Amino acid sequence: MTNLALTDEILMSIDKPARYIGQEVNMVKKDLNTVDVRFAMCFPDVYEIAMSHLGIQILYDMFNNMEGVYCERVYSPWTDLDEIMRKDNIPLFTLETQSPVKDMDFLGITIQYEMCYTNILQILDLSNIALLASDRAEDDPIVIGGGPCTYNPEPIADFFDIFYMGEGETQYQALIDLYRKNKANNCSRNDFLLAAAKLPGMYVPKFYDVDYNEDGTIKSFMPNTEGVPTTVTKELVMDLSDTVYPEKPLVPYIKATQDRVVLEIQRGCIRGCRFCQAGMIYRPVRERSIEFLKDKAIKMLKNTGHEEISLSSLSSSDYSKLPELMDFLIEELKGKGVNISLPSLRVDAFSLDVMSKVQDIKKSSLTFAPEAGSQRMRNVINKGLTVEDILNGCSLAFNGGWNKVKLYFMLGLPTETEEDMKAIAELSELVAEKYYEIPKSERNGKVMVTASSSFFIPKPFTPLQWAPMCSKDEFQRRAYVVNDRMKEMLNRKSLKYNYHDPDVSIIEGLLARGDRKISKVIMKVYEKGGIYDAWGEYFNYDRWLEALDEANIDLDFYTTRQRNLDEIFPWDFINTGVTKEFLKREWNNAMNEQVSPNCKMKCQGCGATMFKGGICFEDKN
Amino acid sequence: MKIRIKFTKTGPIRYIGHLDVMRYFQKLNRRADIDVKYSAGFSPHQIMSFAAPLGVGLESYGEYVDIEVNTTISSKDAIEALNAASVEGITVTGYVKLNDSAPNAMSCVVAADYKVKIKDNYKPAASNIKEAFEEFLRQSSIVVEKATKKSVMEVDLRPLIFDAYMDDNGDFFMKLSTGSAQNLKPELVMDAFYKYLGEEMNEFALNITRLEVYGQNITKDDSGNIINTEIIPLEKFGEIIE
Ligand code: SF4
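Keep in mind that this is a model prediction, so the values were computed, not measured.

A.B. asks: Would you explain the overall build of chain B in this entry?
C.D. replies: Looking only at helices and strands, chain B features five helices and 12 strands. With respect to the principal axes defined by its C-alpha atoms, chain B has extents near 55 × 50 × 40 Å. Buried residues in chain B amount to 52% of all 242 residues. Contacts spanning at least 24 positions in sequence make up 68% of the contacts within chain B whose residues lie at least 6 apart. Approximately 12000 Å² of chain B is accessible, and the part contributed by carbon and sulfur atoms is 49%. Here chain B contributes 28 positively and 35 negatively charged side chains, and the mean placements of these two sets differ by 5 Å.

The structure is reproduced here in structure tokens:
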């Protein structure tokens, strides 16, 4: 039986001890005598969030299928345990064998959102691994980062030995083979990193130097060592139906955020919304075959016992065989007590029909993401959803019995005017009015329209990466404009408006487009006790302002400043396939309020054809 | 058809809370292809009843859950299927068919057996513990204060201790009143014993293992008169399926 890293006394005095014991259904056990490479896979947030992440499950399965490799998991201890571990000097441990993280060969950290950066430092610190890669000892684990935030790794570059750019399925075997070879030849950590830097998709920050102009922008970004490539191209899987995918995902005891089987039906998105980073960095769209999905769905449900399956993709409605897949699932799962959930579906006759079969209409709500209130604004961001689409969808749904609608918007988009802001309230009103067009006798009570707005944060590798962000006060003002307009609406009693915390958005904006200088700020915030910044109750805006001040960093330079089209960005050395020319063209289209067709309608020549597959080579005669 | 399942909860798994054990069994039943009955509606759920929830941190060799199934395989095959799909620490040891009229696990519990180990660093300072424990039990009443939400109440533990002794290894065994009516936890008995010795018990001093849970079996004659009541392990309420 496994010996736990924490004593009974500790486990009995913290919240949810099951977060730290491992032993879940489908956890992989290996005889350590047969293992020569130990990989700790980390999601730097609390267990329930971490266990909900599909990417970790895919990589966990992949690594553990490799001969001689044992992949274990490690997540952020919650603040109660964090305190005890610091006080009692307990080193951070893996869940599987409850071994110190420091004993591992690799510590792989998936970086899904900027607000987890302080938790990365927490993980390193509690593991007794030096925070700065340059301070690490020969036998410290190799700290490797992956995930969407690595598309601008610079603010956290000092903390990592390697960043793996792109999809994890392709290069890890080569990296591990290299590691073994290096060990066998008694070579140093530096030798390994240098060799790794030459593998496709690997970015080793120490082999690159950044020079700055007087105004603080980047003058040059160049390798400082021979043989290290000037650009790093993202890795991706071209045939998603012939690759690793877990058939036995881990099943946690405590309720994770995603307590269900997740079936990833495709990667990428054809739509080309100009604010959306995922829509750019995961290009081109690649679908999984229907046979692959049917097979995995059944096996995963059987092996987990989950009572729900969820289809995952950026835009499920664009999956070409969606009707066939839905028919299959509905038929197959009939009477088995399994729910089907369908996020990211466009509301139309088909999806409403499907939803009415798999969900309780009375409880479910319709979700639209118009992202902007006015058509002009939607043209700027290339969101191809019109008022007619929304109202027609609503009309169908209202007649089908739905009476709850959620609308998602962004505030602070480039060129946004007072009219655009007010249009958020006006569009919500139109939806409510549509409902009251139904004769009273056929209505299903009152309608509830909930509009939520987040604040626009320009992200790297999007056509809006040049855009200035609003200041905190300006964000706040715009939210008030929307709120006031809401109150003027005829059906205001059926409308509800929520908006995000502008403080967090500002810091997220700083981190999203930051450069290497920002690492000092993150370090200072951490030293002041900042962890769990992704959690409202622990995020402390003043702590960030203090740290910026002490590090002599001007927040506005990173957030509200209008970038020049020729500026060298910290992330320019990464090749995502999508070219800077394309992004500039799209930026100009945005400024001219010009929409661009999606990949299925007409290829925009974004550059992703370099990967020789996916949507770029389909349906084209 | 009602089925009663008996299982263990040992090792690291003991830190999983009761609600999570319920969720665990719903998924376990599916993995093991047990033909469970679902409630109707859009979010169908399994009909389940657990006997006397076990506290976090306690181990057990006598946990019970009642489920409802449409059809069933034999007890032996079901136990095999469930264990093939279960984790280390949760082992199914019984699978019996209940009468349709049998009371559910939750409502018929009256007693449970516990084994209590005192961890090395927390042993009482007094000598002759075994004798002291016997003396402690010979008292006609053991009155302790029990804090409820509103007030502090005095409770006499003695009548709720059906049987108890310490063995030669220094482990304590006790059969205690359990269930919704009169529920006595072993830590309360041990706490009272430490006080009896004039000592203070540390909250982490004990390793507690539940060994068995009992229910009251009432036999009636044709005209409804009670002819016999006995306390038997919950498992014995059902029949093995061949
Ligand atoms: S090259 Fe064309 S089809 Fe391919 S992702 Fe880019 S825009 Fe879409």
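A.B. asks: Sorry, what's going on with the side chain of Ser49(B) here?
C.D. replies: Residues and elements named next belong to chain B. Relative to the elements of secondary structure, serine 49 occurs in strand β2 (residues 48–50). One polar contact links the side chain of serine 49 to the main-chain amide nitrogen of methionine 106, over a distance of 3.4 Å. Leave out the neighbours within four places in its chain, and serine 49 touches Tyr64, Val65, Asp66, Asn104, Ala105 and Met106.

A.B. asks: I keep staring at the sheet that holds strand β17 (residues 448–455) of chain A and nothing clicks. Help me out?
C.D. replies: Strand-to-strand pairing in sheets goes through backbone hydrogen bonds, with the strands running parallel or antiparallel. Residues and elements named next belong to chain A. Spatial strand order, β15-β16-β17-β18: four strands in an open sheet with parallel pairing. Each of the sheet's edge strands pairs with one partner strand only, and the pair in question is β15 (366–371) and β18 (495–499). Across this sheet, the average inter-strand angle for adjacent strands is 20 degrees, counted without regard to direction. The strands touched by helix α13 (residues 387–399) within the sheet are β15 and β16 (404–411), with β15 carrying the most contacts at an inclination of about 170 degrees. Strands β15, β16, β17 and β18 of the sheet are contacted by helix α14 (residues 418–436), whose axis makes an angle of about 170 degrees with β16.

A.B. asks: Mind showing me how you'd approach the interface of chain B and chain A here?
C.D. replies: Counting from both sides, the interface comprises 25 residues of chain B and, opposite them, 37 residues of chain A. Interface of chain B and chain A: buried area, both sides summed, is about 2700 Å²; carbon and sulfur atoms make up 57% of it. Linking chain B to chain A there are seven salt bridges. Across the pair Lys27(B) and Glu307(A) runs a salt bridge whose closest N-O atoms are separated by 2.4 Å. Inspection of the chain B/chain A interface yields 16 residue pairs in polar contact (both at pLDDT 80 or more). In terms of residue class, the side of chain B that touches chain A is built from 12 nonpolar, four polar and nine charged.

A.B. asks: Teacher, can you tell me more about the site of the ligand here?
C.D. replies: Neighbouring the ligand are Arg283(A), Cys599(A), Cys603(A), Gln604(A), Gly605(A), Cys606(A), Ala608(A), Thr609(A) and Cys616(A). Within the shell around the ligand, the residues separate by chemical class into five nonpolar, three polar and one charged.

A.B. asks: What is the right way to read the sheet that holds strand β5 (residues 162–164) of chain A from this model?
C.D. replies: All names here are of chain A. Spatially, β2-β1-β3-β4-β5-β6 is the arrangement adopted by the six strands of the open sheet, whose pairing is mixed. The outermost strands of the open sheet, each flanked by one partner alone, are β2 (69–75) and β6 (202–203). Its contacts with the sheet place helix α3 (residues 54–64) against β1 (37–43), β2 and β3 (106–110), and it is angled at close to 155 degrees to β2. Helix α5 (residues 117–126) contacts β1, β2, β3 and β4 (142–146) of the sheet and is inclined by roughly 160 degrees relative to β3.

A.B. asks: Got a minute to help me understand the domain arrangement of chain B in this structure?
C.D. replies: A common way to report how large an interface is uses the accessible area buried once the components associate. All names here are of chain B. For chain B, the assigned domains read domain 1 (2–106 + 234–240) and domain 2 (109–215). Look at where the C-alpha atoms of domain 1 and domain 2 centre, and you get two points 28 Å apart. Every contact between the two is made by 16 residues of domain 1 and, on the other side, 10 residues of domain 2. Here domain 1 packs against domain 2, burying approximately 1100 Å² in sum over the two surfaces, 50% of which is carbon and sulfur. Taken together, the links from domain 1 to domain 2 amount to two salt bridges. Between glutamate 63 and arginine 210 there is a salt bridge, with the nearest N and O atoms lying 3.0 Å from each other. At the boundary of domain 1 with domain 2, the tally comes to nine residue pairs in polar contact (both at pLDDT 80 or more). Where the side of domain 1 that touches domain 2 is concerned, the elements lending two or more residues are β3 (59–68) and α3 (105–108). If one sorts the elements of the side of domain 1 that touches domain 2 by residue count, β3 sits on top with six residues.

A.B. asks: In this structure, what is going on with the nonpolar core? I would like to understand it.
C.D. replies: Looking at soluble globular proteins, one finds that nonpolar side chains tend to be buried together. Counting 242 residues, the largest nonpolar core has Phe63(A), Leu107(A) and Phe25(B) as its most contacted members. In contact with Phe25(B), other than residues within four places in its own chain, are Ile5(B), Phe7(B), Gln46(B), Met48(B), Phe50(B), Val65(B) and Ile90(B). The next biggest cluster of nonpolar side chains, apart from the first, holds 46 residues, and it includes Tyr122(B), Ile161(B), Ala205(B) and Val213(B).

A.B. asks: Sorry, what's going on with the environment of Arg180(A) here?
C.D. replies: All names here are of chain A. Tracing the backbone through its elements, the reader meets arginine 180 in helix α6 (residues 172–184). Look at arginine 180 and you get partly exposed, because its relative accessible area is 23%. Sequence-wise, arginine 180 and aspartate 36 are 144 residues apart; in three dimensions their C-alpha atoms are separated by 8.3 Å. Arginine 180 has contacts with Asp36, Val37, Glu67, Gly68, Val69 and Gln173, leaving out every residue within four places of it along the chain. Within the structure, arginine 180 has its side chain in polar contact with the backbone oxygen of glutamate 67 (distance 2.9 Å).

A.B. asks: Looking at this structure, how should I read α13(A)?
C.D. replies: Each α-helix winds once per 3.6 residues, and so residues spaced three or four apart point in a common direction. All names here are of chain A. Relative to the 18 Å expected for 13 residues at 1.5 Å per residue, α13 spans 18 Å between its end C-alpha atoms, a close match to the ideal helical length. Residues of α13 that are buried include every one of Val387, Ile390, Leu391, Gly393, Cys394, Ala397 and Phe398, and no others. Burial along α13 is one-sided: seen end-on, the buried residues are contained in an arc of 160 degrees. The exposed residues of α13 that point more than 90 degrees off its buried face are Glu388 and Asn399.

A.B. asks: I keep staring at the pattern of salt bridges and nothing clicks. Help me out?
C.D. replies: Side chains bearing opposite charge may pair, as long as their charged atoms lie close to each other. Following the criterion strictly, the structure yields 65 salt bridges over all chains and no others. Arg267(A) is the salt-bridge partner of Glu169(A), the closest N and O atoms lying 2.6 Å from each other. With Glu169(A) in the loop between β5 and α6 and Arg267(A) in strand β11 (residues 266–267), this pair connects stretches of sequence that are 98 residues apart. The class for Arg267(A) is buried, based on a relative accessible area of 10%. For the salt bridge of Asp120(B) with Lys123(B), the shortest nitrogen-to-oxygen distance reads 3.7 Å. One network of salt bridges, with partners in common, ties together Lys255(A), Asp259(A), Glu307(A), Asp20(B), Arg23(B), Lys27(B) and Arg30(B).

A.B. asks: Looking at this structure, I do not really get the packing of aromatic side chains. What am I missing?
C.D. replies: Aromatic rings considered in pairs are described by the distance between their centres and by the relative angle of their planes. This model, assessed by the stated rule, comprises 45 aromatic pairs over all chains. These aromatic residues form a ring-pair network of at least three members: Phe39(A), Phe63(A), Phe106(A), Tyr164(A), Tyr172(A), Tyr179(A) and Phe192(A). Stacked on the ring of Tyr212(A), the Lys or Arg Lys517(A) has its end atom at 4.1 Å from the ring centre. Taking the ring centre of Tyr24(B) as reference, the NZ or CZ of Arg31(B) above it sits at 5.5 Å.

A.B. asks: Can you help me understand the pairing of β4(A) in this one?
C.D. replies: Here is the key point about a regular strand: its side chains alternate between the two faces of the sheet. Residues and elements named next belong to chain A. Among the five residues that make up β4, five are buried, leaving the element largely enclosed by the rest of the structure. With burial as the criterion, each face of β4 is covered, one bearing Ile142, Ile144 and Gly146 and the other bearing Val143 and Gly145. In this sheet, β4 lies alongside β3 in parallel orientation, the contact comprising five bridges. Each residue of the ladder has a partner; that of leucine 107, found in β4, is valine 143. Once the chain exits β3 it traverses α5 before rejoining the sheet at β4, and the crossover so formed is right-handed. Bridging between β4 and β5 involves two bridges; their strand directions are parallel. The partner of glycine 145 across the bridge, within β5, is phenylalanine 163.

The rules behind the values
- Residues numbered from 1 in each chain as written.
- Chains lettered and ligands numbered in written order.
- Predicted model: local features only at pLDDT ≥ 70, side-chain atom pairs only at ≥ 80, totals over all residues.
- Heavy atoms only, no water.
- Helix = DSSP H or I, 4+ residues; strand = E, 2+ residues; numbered from the N terminus.
- Buried < 20%, exposed > 50% of the residue type's maximum accessible area, 1.4 Å probe, protein only.
- Contact = heavy atoms within 4.5 Å.
- Areas by Shrake-Rupley, 256 points an atom, 1.4 Å probe, with all protein chains shown as cover.
- Lys, Arg positive; Asp, Glu negative; His and termini not counted.
- Charge placed at Lys NZ, Arg CZ, Asp CG, Glu CD.
- Polar contact = N/O pair within 3.5 Å; in protein donor to acceptor, adjacent residues only side chain to side chain.
- Pairing = 2+ DSSP bridges.
- Axes fitted to C-alpha atoms, helices over the stretch in contact; angles between N-to-C directions.
- Buried area = accessible area lost by both parts, 1.4 Å probe.
- Salt bridge = Lys/Arg side-chain N within 4 Å of Asp/Glu carboxyl O.
- Nonpolar A, V, L, I, M, F, W, Y, C, P; charged D, E, K, R; others polar.
- Near = heavy atom within 4 Å.
- Domains from an automatic or database assignment.
- Core = buried A, V, L, I, M, F, W, Y, C linked by side-chain atoms within 4.5 Å.
- Expected span 1.5 Å × (residues − 1).
- Arc of directions from axis to C-beta.
- Phe/Tyr/Trp six-rings, centres within 6.5 Å; stacked < 30°, edge-to-face > 60°.
- Lys NZ or Arg CZ within 6 Å of the ring centre and 35° of its normal.
- Right-handed = clockwise from strand over helix to strand, strands pointing away.

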